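A closer look at the structure
What follows is the residue order along each chain.
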Amino acid sequence: MFEQITDHVEELANETGENVSFIVESQGEGVIVYHEDGNHELPAASPGTREPIYCLSSGKAILAELSDEKVSAMLQRHPPERLTPNTIVDEKELFDELRQIREQGYAVNREERIERQQSVAVSITGNRSEPIGAIAVVGPKHRMSEERIQTELSNKLLVISDKIELKSIS
């Protein structure tokens, strides 16, 4: 499955021109497992980098696949801290967003970790519907408009997620 994920990450970076990462949850944090740079000059993400899970689109996509109890336990171990003016630090607000992510199928980071940077992500689940990780497309706000996120990028990510998940059960 990992080879299939990396192929899709590379393909998506080439198609969109944006940075694309595959992230997993480990000990309540988001960990970059694989990253592919797009064709724009942006800071590269390094595999092994640990980030607060609550302020990543990929992290929120993973959290949306978990029970509220598991999310609450993670937030107890790693209480949300405000990294930018847009970081969601209120637990009720975060749970409201997780419900929305479950409904729409994808998560968005609106300058919550780094100002002027946005991302969109989908979770990848395994055979037992537990999250394996998430794939995120990351770029500057001026290229990651709401329209582009809601139409082009979320659709591409949802198709990739379906392909990976369907292949894993066949």
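Before going into details, it helps to say that this report is about the structure given with it.

Parameters and conventions
- Residues numbered from 1 in each chain as written.
- Predicted model: local features only at pLDDT ≥ 70, side-chain atom pairs only at ≥ 80, totals over all residues.
- Heavy atoms only, no water.
- Helix = DSSP H or I, 4+ residues; strand = E, 2+ residues; numbered from the N terminus.
- Polar contact = N/O pair within 3.5 Å; in protein donor to acceptor, adjacent residues only side chain to side chain.
- Buried < 20%, exposed > 50% of the residue type's maximum accessible area, 1.4 Å probe, protein only.
- Contact = heavy atoms within 4.5 Å.
- Salt bridge = Lys/Arg side-chain N within 4 Å of Asp/Glu carboxyl O.
- Phe/Tyr/Trp six-rings, centres within 6.5 Å; stacked < 30°, edge-to-face > 60°.
- Arc of directions from axis to C-beta.
- Pairing = 2+ DSSP bridges.
- Axes fitted to C-alpha atoms, helices over the stretch in contact; angles between N-to-C directions.

Here we come to the environment of Gln 104. Turning to its location among the elements, Gln 104 is positioned in helix 4 (residues 91–104). In this structure the side chain of Gln 104 is engaged in a polar contact, spanning 2.9 Å, whose partner is the backbone oxygen of Tyr 106.

The next subject is the environment of Glu 152. Structurally, Glu 152 can be placed in helix 5 (residues 146–169). Residue Glu 152 is classed as partly exposed on the basis of its relative accessible area, which comes to 29%. For Glu 152, the residues in contact, after removing those within four places along its chain, are Thr 16 and Glu 147. In terms of polar contacts, Glu 152 uses its side chain to reach the side chain of Arg 148, at 3.1 Å.

Attention now moves to the pattern of salt bridges. With the rule as written, the count across this model stands at 13 salt bridges. One salt bridge connects Glu 97 with Lys 60, and the closest N-O pair in it is separated by 2.6 Å. Taken together, the positions of Glu 97 in helix 4 and Lys 60 in helix 2 (residues 57–63) put the pair 37 residues apart, joining distant regions of the chain. When sorted by exposure, Glu 97 lands in the same class as Lys 60, which is buried. One salt bridge connects Glu 112 with Lys 60, and the closest N-O pair in it is separated by 2.8 Å. With Glu 112 in the loop between strand 4 (107–110) and strand 5 (117–125) and Lys 60 in helix 2, the pair connects residues that are 52 residues apart, well separated along the chain.

One pass over the structure, following the stated rule, counts one aromatic pair. Each ring, one from Phe 2 and one from Tyr 34, has its centre 6.3 Å from the other, and the planes form 85°; the classification is edge-to-face. In this pair, Phe 2 sits in helix 1 (residues 2–16) while Tyr 34 sits in strand 2 (residues 29–36), placing the two residues 32 residues apart along the sequence. Owing to a relative accessible area of 41%, Phe 2 belongs among the partly exposed residues under this scheme.

Regarding helix 3 (residues 68–77), the residues found buried are Val 71, Met 74 and Leu 75. Along helix 3, the residues classed as buried sweep out an arc of 100° about the axis, all on the same side. Among the exposed residues of helix 3, those oriented more than 90 degrees off its buried face are Glu 69, Gln 76 and Arg 77. Buried-residue contacts for helix 3 involve strand 1 (19–26), helix 2 and helix 4.

Moving on to the sheet that holds strand 2. In sheet architecture, strand pairing relies on hydrogen bonds along the backbone and comes in two forms, parallel and antiparallel. If you walk across this open sheet you meet the six strands as 3-2-1-6-5-4, and the pairing is antiparallel. Two strands close off the open sheet at either side, each with one partner strand: strand 3 (50–52) and strand 4. Recorded for the sheet is a direction-independent mean angle of 35° between the axes of neighbouring strands. Across three bridges, strand 2 lies against strand 3 in antiparallel orientation. Looking at the pairing, Gly 30 lines up with Glu 51 of strand 3. Across the sheet, helix 1 is in contact with strand 1, strand 2 and strand 6 (131–140); its angle to strand 2 comes to roughly 70°.

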